[in-house]
Amino acid sequence: MKKTFRIIMLSLFIAQSLVLYIVEGMLPVPFIAPGAKLGLANLITVIAMYSLPRKRDVCLILFVRVLLAAAFGGGINAFFYSVAGAILSLGVMLLLKEAGKFSILGVSMAGGIFHNLGQVIVASLVVANLKIMLYLPILAVAGAGTGLLIGLTSVFTLRHLKKLPVYKRMQE
């Protein structure tokens, strides 16, 4: 992928994930678990994982989105929760994808679960109480469910993205 084209594609992925993050913040989500979200911005992370040849580009997209989201209104606390969830989630998703034994749905579901695990770990450190881990089973179910929805949407999007001429350029 040529340098200019790569910068444009990374910028588009970052912008899309940031817009999804902002839109998600405006949606009332009637989850049982307070703080649980749909993880719409993770849609772009999953699509980038399966359409960009370089893992470091996916890491860059995710890190810049987390940084900008915190700057646009999340604050420093949101940054720490988001970066912990993002690092754990992306690490697990990349490992499972590289293993080659998991579908996009499985990879995305694991990402949702491990994102919540990362956030609960930070929360238990912030409040200095491990009892907050009791909240994890509820968040794991929510993460698996939202991960499934993100995975399904990713499959549909990638199926159509692969038909576009730009997809072949992204693979270079």
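Everything numeric here is computed off the predicted structure, so don't read it as measured data. (Residues numbered from 1 in each chain as written. Predicted model: local features only at pLDDT ≥ 70, side-chain atom pairs only at ≥ 80, totals over all residues. Heavy atoms only, no water.)

1. Some thoughts on the overall build of the protein chain
Argument step 1. Secondary structure summary: the protein chain contains six helices and zero strands in total.
Argument step 2. The secondary structure elements of the protein chain, listed N-terminal to C-terminal, are α-α-α-α-α-α.
Argument step 3. For 172 residues, the compact-globule estimate of 2.2 N^0.38 gives 16 Å, and the C-alpha radius of gyration of the protein chain, at 16 Å, lies within 12% of that figure.
Argument step 4. Expressed as lengths along the three principal axes of its C-alpha atoms, the size of the protein chain is roughly 50 × 35 × 30 Å.
Argument step 5. With 172 residues in all, the protein chain has 41% of them scored as buried.
Argument step 6. Element-wise, carbon and sulfur atoms account for 72% of the exposed surface of the protein chain, whose accessible area totals about 9,500 Å².
Argument step 7. Positive and negative side-chain charges of the protein chain, numbering 16 and 4 respectively, have mean locations separated by a distance of 1 Å. (Helix = DSSP H or I, 4+ residues; strand = E, 2+ residues; numbered from the N terminus. Rg over C-alpha atoms; globule rule 2.2 N^0.38 Å. Buried < 20%, exposed > 50% of the residue type's maximum accessible area, 1.4 Å probe, protein only. Areas by Shrake-Rupley, 256 points an atom, 1.4 Å probe, with all protein chains shown as cover. Lys, Arg positive; Asp, Glu negative; His and termini not counted. Charge placed at Lys NZ, Arg CZ, Asp CG, Glu CD.)

2. Let's talk about the side chain of Ser82
Argument step 1. The topology assignment puts Ser82 in helix 3 (residues 55–99).
Argument step 2. On the basis of relative accessibility, which here comes to 17%, the residue Ser82 falls in the buried class.
Argument step 3. In contact with Ser82, other than residues within four places in its own chain, are Val66, His115 and Gln119. (Contact = heavy atoms within 4.5 Å.)

3. Structural notes on the layout of surface pockets
Argument step 1. Reported here for the second largest pocket is a volume of approximately 220 Å³.
Argument step 2. What lines the second largest pocket is simply Met9, Leu12, Phe13, Gln16, Leu20, Leu43, Ile44, Ile47, Thr157, Leu161, Val166 and Met170.
Argument step 3. Sorting the residues of the lining of the second largest pocket by element identifies helix 1 (3–26), helix 2 (42–51), helix 5 (136–161) and helix 6 (165–170) as the ones contributing at least two each.
Argument step 4. Per-element tally for the lining of the second largest pocket: the top contributor is helix 1, with five residues.
Argument step 5. When grouped by side-chain class, the residues that make up the lining of the second largest pocket number ten nonpolar, two polar and no charged. (1 Å grid on protein atoms, 1.4 Å probe; cavity = no way out; pocket = protein on both sides within 12 Å on 5 of 7 lines; lining within 4 Å. Points joined across faces, edges and corners; volume = space filled by probe spheres on them. Nonpolar A, V, L, I, M, F, W, Y, C, P; charged D, E, K, R; others polar.)

4. Overview of the nonpolar core
Among soluble globular proteins, nonpolar side chains are generally buried collectively.
Argument step 1. Among the nonpolar cores identified, the biggest contains 34 residues, and Phe13, Met49, Tyr50, Leu52, Ile61, Leu90 and Met170 are the most heavily contacted of them.
Argument step 2. Of all elements in the fold, only helix 1, helix 2, helix 3, helix 4 (104–127), helix 5 and helix 6 reach the threshold of two or more residues within this core.
Argument step 3. Counting residues per element, this core draws most heavily on helix 3, at 13 residues.
Argument step 4. Discounting residues that sit within four places of it in the chain, Phe13 has contacts with Ile44, Ile47, Ala48, Ser51, Leu52, Ile61 and Met170. (Core = buried A, V, L, I, M, F, W, Y, C linked by side-chain atoms within 4.5 Å.)

5. Observations regarding the UniProt feature "transmembrane region" (unreviewed entry) in the protein chain
Argument step 1. In the numbering adopted here, UniProt assigns the feature "transmembrane region" (unreviewed entry) to residues 7–23, 29–50, 103–128 and 134–158.
Argument step 2. Taken end to end, residues 134–158 is 92% helix and 0% strand, and its two terminal C-alpha atoms sit 36 Å from one another. (UniProt positions renumbered as here; feature names shortened; annotations may be inferred.)

6. With respect to the side chain of Ser124
Argument step 1. Relative to the elements of secondary structure, Ser124 occurs in helix 4.
Argument step 2. By relative accessible area, Ser124 is classed as buried at 5%.
Argument step 3. With residues up to four places along the chain from it excluded, the contact list for Ser124 reads Asn129, Leu130, Ile132 and Met133.

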